[in-house]
Amino acid sequence: MAIKLFDSLTREVRPLRIPSAADPQDVFSFYNCGPTVYAPAHIGNFRTFVINDVLRRLLELELGAGKVRHVRNLTDVDDKTIKRSRDENRPLGDVTRQWTDKFHADCAALNCLPPHDEPRAADPKYLREQVNMIECLMEKGNAYRAADGSVYFKVSSFADYGRLSRVRERELQPGSALKALAADADEKEDGSDFALWKAWKPDDGPNKWPGPKGAAEGRPGWHIECSAMSKSLLGMTIDLHTGGVDLLFPHHENEIAQSECCNGTTFSRHWYHSEHLLVDGRKMSKSLGNLYTLDDLAAKGFSPMALRYALLSGHPRKQLNFTLDSLHAAESALQTLRGYRATLPDAGVTHDVFGPVLTALQDDLNTPAAFGALFTVVNRKDGQADRASFDRVLFALGLKLDAPVAPKTEIPAEVQLLADRRWSAKQAKDFASADALRKELAAAGWSMLDRKDGYSLEPAKK
RNA sequence: GGCGCGGUAGCCAAGUGGUAAGGCCGAGGUCUGCAAAACCUCUAUGCGUCGGUUCAAUUCCGACCCGCGCCUCCA
């Protein structure tokens, strides 16, 4: 069964290309715009990466692991990374390595499969590719050198510009957007042109590289990295390009312009954009102070797997309002799945009762419907399910059901004493005292869990 | 102002022209001395408002109200 996915360009749900099974060279090429590594990624970033991870997993299940090539880039040279390096007075490479490592650790915690390639924009190999592409655009008359040695893409040279975001149908809000347009208007021939290469400025410090022929030393613009790295690793036409909705314009619009002008062929057969995660009903932002990282949630006692579940609990193409409540719900739901899995026989069932879960995912990545289908089977408890088929859908969703690591909490001596006294009272069948002591423990913030042969203490749940 | 998305039970969230999946919370029960866990049962005559089309609308159409996003380097 083919995977169907909404295509942002044609605005319809349509099947993804199926590579030829007979041709081992024919693989499904999938490029996902990655993070800028200058700070920890926030949970909104991870919504996109988790959704893309489910897509990757689904493709592997559908086509076979060897038939999918997944690339996700790292933006490690841009205004923000350079600013960080300047502010902290350390080399750009140190800064980006630190945050790349953190990103990888967070992805691993969220059980995201590593992409097959993870190219970096500042990698000399890919800097060369970017410069090549800019030179190609200059030769073809799609780009020009500005007075300061920067190079800009000439938007008017590409007739198809704006097809993805339908930017031509929009009218700019006077005041806000127009101001931004004016920022570097001196250097551009036209306000809508965008930078391919940025000439070095003192603020850039030591971060500069030889530019395209005729241009000044400097660094690549943001958009060109994806065009160049995608071409280098996946070829001129790829099967699928994804990212968050905010990348639709201008980033992806500009990528199309660069790639199609340089290569003379279709850039991507399919475009997919996941919607934003909101917090408190608003987009996350530093200025609103509603930005969470994985570490913030860990500090509140939530597991990364609960976040993964919560991020998938809304339809990927709809805004999802994140709340701490949704994390509580996710922890409980995961616990239910854990208990259920323990009841399953290893194998030996003739038909796959979890088919509807995968069907929901294949239908435009409907993750909430997939969870619904999953729990419908779980609740049936008709003995028809086996562990192998359950694990298959868990793989698709990327859910790991390891027992959560209980945070080690020091038990205060007085709490331990109360617990010991209660245990003794219980053994002596002095239930009145035992109950009173349980209340004292609760007041101290502890729950005492009785077993036949002893007890354990846990911090009381809220 | 332009472009786009959304409003479904206490919270979250699928879905369909023919009478509302699922998760969480909550309630009752079984089991435990009690508690916890586990398991069982229950929980929207209703899908923003008002009209229209239809045998039938939450689902289609129109108007309106409310919320959110994007509009040149934010996933």
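Because the structure is predicted, anything quoted here is derived from the model rather than measured. (Residues numbered from 1 in each chain as written. Chains lettered and ligands numbered in written order. Predicted model: local features only at pLDDT ≥ 70, side-chain atom pairs only at ≥ 80, totals over all residues. Heavy atoms only, no water.)

S.K.: I'd love a proper account of the packing of aromatic side chains, names of residues and values included.
M.R.: The geometry of an aromatic ring pair is captured by two quantities: the separation of the ring centres and the angle between the planes. According to the stated counting rule, one finds eleven aromatic pairs in the structure shown. The structure contains a cluster of three or more aromatic residues connected by ring pairs, namely Phe46, Phe49 and Phe103. One residue, Arg72, lies across the ring of Phe49, its end atom 5.4 Å from the ring centre. If you follow Arg317 out to its NZ or CZ, it ends over the ring of Phe6, 4.1 Å from the centre. (Phe/Tyr/Trp six-rings, centres within 6.5 Å; stacked < 30°, edge-to-face > 60°. Lys NZ or Arg CZ within 6 Å of the ring centre and 35° of its normal.)

S.K.: Which residues make up the domain arrangement of chain A, and what values do they have?
M.R.: Parsing chain A into structural domains produces domain 1 (4–274), domain 2 (277–397) and domain 3 (413–459). Using C-alpha coordinates to define each centre, domain 1 is positioned 30 Å away from domain 2. Each partner contributes to the interface: domain 1 provides 32 residues, whereas domain 2 provides 33 residues. Together, the buried faces of domain 1 and domain 2 total about 2900 Å²; carbon and sulfur atoms form 66% of this surface. Broken down residue by residue, the surface that domain 1 buries against domain 2 is led by Ile43, Arg47 and Leu61, which jointly contribute 27%. Viewed at the interface, domain 2 and domain 1 are joined by two salt bridges. (Domains from an automatic or database assignment. Contact = heavy atoms within 4.5 Å. Buried area = accessible area lost by both parts, 1.4 Å probe. Salt bridge = Lys/Arg side-chain N within 4 Å of Asp/Glu carboxyl O.)

S.K.: An account of the nonpolar core is requested, with residue identities and associated values reported.
M.R.: Formed by 71 residues in total, the largest nonpolar core has its most connected members in Leu307, Phe322, Phe354, Leu374, Phe390 and Leu399. At nine residues, the largest contribution of residues to this core is made by helix H1 (residues 43–63). Both domains that meet at this core, namely domain 1 (4–274) and domain 2 (277–397), each give it at least three residues. Ala143, Tyr161, Leu164 and Cys262 belong to the second largest nonpolar core, which has 25 residues in total. (Core = buried A, V, L, I, M, F, W, Y, C linked by side-chain atoms within 4.5 Å. Buried < 20%, exposed > 50% of the residue type's maximum accessible area, 1.4 Å probe, protein only. Helix = DSSP H or I, 4+ residues; strand = E, 2+ residues; numbered from the N terminus.)

S.K.: Break down the pattern of salt bridges for me, with residues and values.
M.R.: Counted under the stated rule, the structure contains 31 salt bridges. Among the ionic pairs, Asp76 bridges to Arg120, the shortest N-O distance being 2.7 Å. In this pair, Asp76 is assigned in the loop between strand S4 (68–72) and helix H2 (79–88) and Arg120 in the loop between helix H3 (92–109) and helix H4 (124–139), connecting sequence segments 44 residues apart. Accessibility expressed as a relative area gives 2% for Asp76, which makes it buried. In this structure, Glu135 engages Lys213 in a salt bridge whose closest nitrogen and oxygen atoms are separated by 3.6 Å. Of this pair, Glu135 sits in helix H4 while Lys213 sits in the loop between strand S7 (194–199) and strand S8 (218–220), and the two are 78 residues apart along the sequence. Put simply, Arg17, Asp26, Asp239 and Arg269 are held in one network by salt bridges that share partners.

S.K.: Quick one: what's the story with the sheet that holds strand S5 (residues 143–145), residue by residue and with numbers?
M.R.: In spatial order, the strands read S5-S6-S7-S8; together these four strands make up an open sheet with antiparallel pairing. Single-partner strands in this sheet number two, and they are S5 and S8. With strand direction ignored, the average angle separating the axes of adjacent strands in the sheet is 20 degrees. Bridging between strand S6 (residues 151–153) and S7 involves three bridges; their strand directions are antiparallel. Across the sheet, the residue bridging to Tyr152 is Ala195, located in S7. (Pairing = 2+ DSSP bridges. Axes fitted to C-alpha atoms, helices over the stretch in contact; angles between N-to-C directions.)

S.K.: Could you give an account of H1, with specific residues and numbers?
M.R.: In this model, H1 (21 residues) spans 29 Å end to end at C-alpha, consistent with the 30 Å of a helix rising 1.5 Å per residue. Along H1, 17 of the 21 residues are buried, which leaves the element largely enclosed by surrounding structure. Gly64 sits one or two residues past H1 and shows a positive phi near 100 degrees. (Expected span 1.5 Å × (residues − 1).)

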